[in-house]
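So the chains spell out like this:
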Amino acid sequence: MRVMLTGGAGYIGSHTAAALAARGHQVVIFDNFANAERDVPARLERLTGQKMPVIEADIRDVPAVVAALREYPVDAVIHFAALKAVGESEADPLLYYDMNIIGTIRLLQAMQQAGVARIVFSSSATVYGQPDSSPILEDFPTRVENIYGRTKLVMEDLIRDLARTGKLAAAANLRYFNPVGAHPSALIGETPRGVPNNLMPYVTQVATGARPHLNVFGNDYATPDGTGVRDYIHVVDLAEAHALALEHIVANNVSITVNLGTGEGTSVLQLVQAFETATGRKIPLVIAPRRPGDVSSYYANPALAEATFGWRAKLNVEDMCRDSWRWQASRAGINDV
Ligand code: NAD
Ligand code: UDP
């Protein structure tokens, strides 16, 4: 297939581009490079041997999207392009409504004009809000707890509505748990701007010496060691899931909403331990107050993805730590990996 990836130069998009290429698909990257590095397409070419066309434009620019889809007729779109910071979404709701919700509407309009009727969408486990329990199944109630989460839920609903009314032939809403890690080649990975909000990028920056210690946000949760539990998923596994989900919905003309996680809960302290084991680097810790809005424990039941399109995560937390570190170390010019 030929597939257009909105946000294809970003963190998850670039890994999915590599996964698609490895499965013999052609990739077209559509990205405004607002949160991506310029050399990602060149790095992808080194990694995959595929020269992927790049359209530098905004998904809200309908004529630009239509022109791209006419120049490169595609079988489907995978839609990553969005803003994703919870704090920023609360500070500037209209920015998030515009980029995420209006952006998705414009993209869907352009796809309709160009006759492209299949989409895979980056949703998030954030749509479950504070769940009553874990593991989380897809039919658990959705709850909006912040503006970012609201935009993800609205984007999912738009796509489900178009699929239900026959305007889309096939659609997959993929609810990611906590993506971490990087391609083992260290050619692509995540480059957060400024101080990382998320645990793994913060840990890797402590390991490089860029930050003195990790603040552990709370050790009095009702979890085995008191620290927050999440379902970390290696971005390489996540990328593979996109390829399999896409192939499934296209082959069967169906629409699905599916969790993508490992099904394993890992605490902050367990992740730090795994990182130290995988890398031999010590991570100094300071116990800090709970972070407002944090859920204590949160992990997927990923059985539906396996039953539907035969995917399950293969890589474990140590793999995630090793590959995150390999990427961060190579960026920092550290050569011990
Ligand atoms: P990212 O910021 O690395 O990638 C997004 C890409 O989209 C960037 O390359 C950016 O330049 C591009 N982009 C943003 N707005 C655009 C626009 N208006 N037009 C064109 N391009 C635009 O983020 P990511 O971590 O790869 O996330 C990808 C998707 O997955 C997002 O939709 C995000 O909400 C979702 N998601 C991410 C996570 C996570 O933890 N990373 C978790 C759940 C869901
Ligand atoms: N966390 C932490 N210190 C940090 C960043 C995160 O202790 O500097 C904790 C956080 O409280 C949560 C877990 O690590 O329990 C995962 O946080 P992250 O922001 O990566 O994911 P999210 O909370 O959005 O699922």
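This one's a predicted model, so the numbers in the text were calculated from it and none came from an experiment. (Residues numbered from 1 in each chain as written. Chains lettered and ligands numbered in written order. Predicted model: local features only at pLDDT ≥ 70, side-chain atom pairs only at ≥ 80, totals over all residues. Heavy atoms only, no water.)

A. Spotlight on the site of ligand 2. The environment of ligand 2 is made up of 15 residues, and the closest members are Leu199, Asn215, Arg230, Arg291 and Asp294. At 2.9 Å, a backbone N or O of Leu199 approaches an oxygen atom of ligand 2. Relative to its free-state accessible area of 510 Å², ligand 2 is covered by the protein chains to the extent of 87%. Put simply, the parts of the chain that give the shell around ligand 2 at least two residues each are α7 (199-208) and β8 (214-217). Broken down by element, the shell around ligand 2 gets its largest block of residues, four residues, from β8. Of the residues in the shell around ligand 2, the class split is seven nonpolar, five polar and three charged. (Near = heavy atom within 4 Å. Polar contact = N/O pair within 3.5 Å; in protein donor to acceptor, adjacent residues only side chain to side chain. Areas by Shrake-Rupley, 256 points an atom, 1.4 Å probe, with all protein chains shown as cover. Helix = DSSP H or I, 4+ residues; strand = E, 2+ residues; numbered from the N terminus. Nonpolar A, V, L, I, M, F, W, Y, C, P; charged D, E, K, R; others polar.)

B. Main features of the packing of helix α1 (residues 11-22) against helix α2 (residues 40-48). Two elements in contact, α1 and α2, have axes whose closest approach is 10 Å; the angle formed by their N-to-C orientations is 30°. The angle between α1 and α2 falls in the class roughly parallel. The handedness of the crossing between α1 and α2 comes out as right-handed. Touching Ser14, Ala17, Ala18 and Ala21 of α1 are Val40, Leu44, Leu47 and Thr48, all from α2. Of the residues in the contact of α1 with α2, the class split is six nonpolar, two polar and no charged. (Axes fitted to C-alpha atoms, helices over the stretch in contact; angles between N-to-C directions. Parallel < 35°, antiparallel > 145°, perpendicular 65-115°, else oblique. Left-handed = near helix turned anticlockwise from the far one by under 90°. Contact = heavy atoms within 4.5 Å.)

C. Structural context of the nonpolar core. Of all hydrophobic cores here, the largest spans 41 residues; its most connected members are Leu260 and Phe309. A total of nine residues in this core trace back to one element, the largest contributor, which is helix α8 (residues 235-252). (Core = buried A, V, L, I, M, F, W, Y, C linked by side-chain atoms within 4.5 Å. Buried < 20%, exposed > 50% of the residue type's maximum accessible area, 1.4 Å probe, protein only.)

D. Layout of the environment of Ala82. Note that Ala82 resides in the loop between β4 (76-79) and α4 (86-91). Owing to a relative accessible area of 31%, Ala82 belongs among the partly exposed residues under this scheme. The spacing of Ala82 and Thr151 is 69 residues in sequence and 9.6 Å in space, taken between C-alpha atoms. With residues up to four places along the chain from it excluded, the contact list for Ala82 reads Asn100, Lys152 and Met155.

E. Local environment of the site of ligand 1. If you check the shell around ligand 1, you find 26 residues, and the closest are Asp31, Asn35, Lys84, Tyr148 and Lys152. In this structure, Gly10 approaches ligand 1 through a main-chain N or O atom, which is 3.2 Å from an oxygen atom. Compared with its free state, where it exposes 820 Å², ligand 1 has 94% of that area covered by protein. Sorting elements by how many residues they give to the shell around ligand 1 places strand β5 (residues 118-124) first, with three residues. Residue classes in the shell around ligand 1 are distributed as 15 nonpolar, seven polar and four charged.

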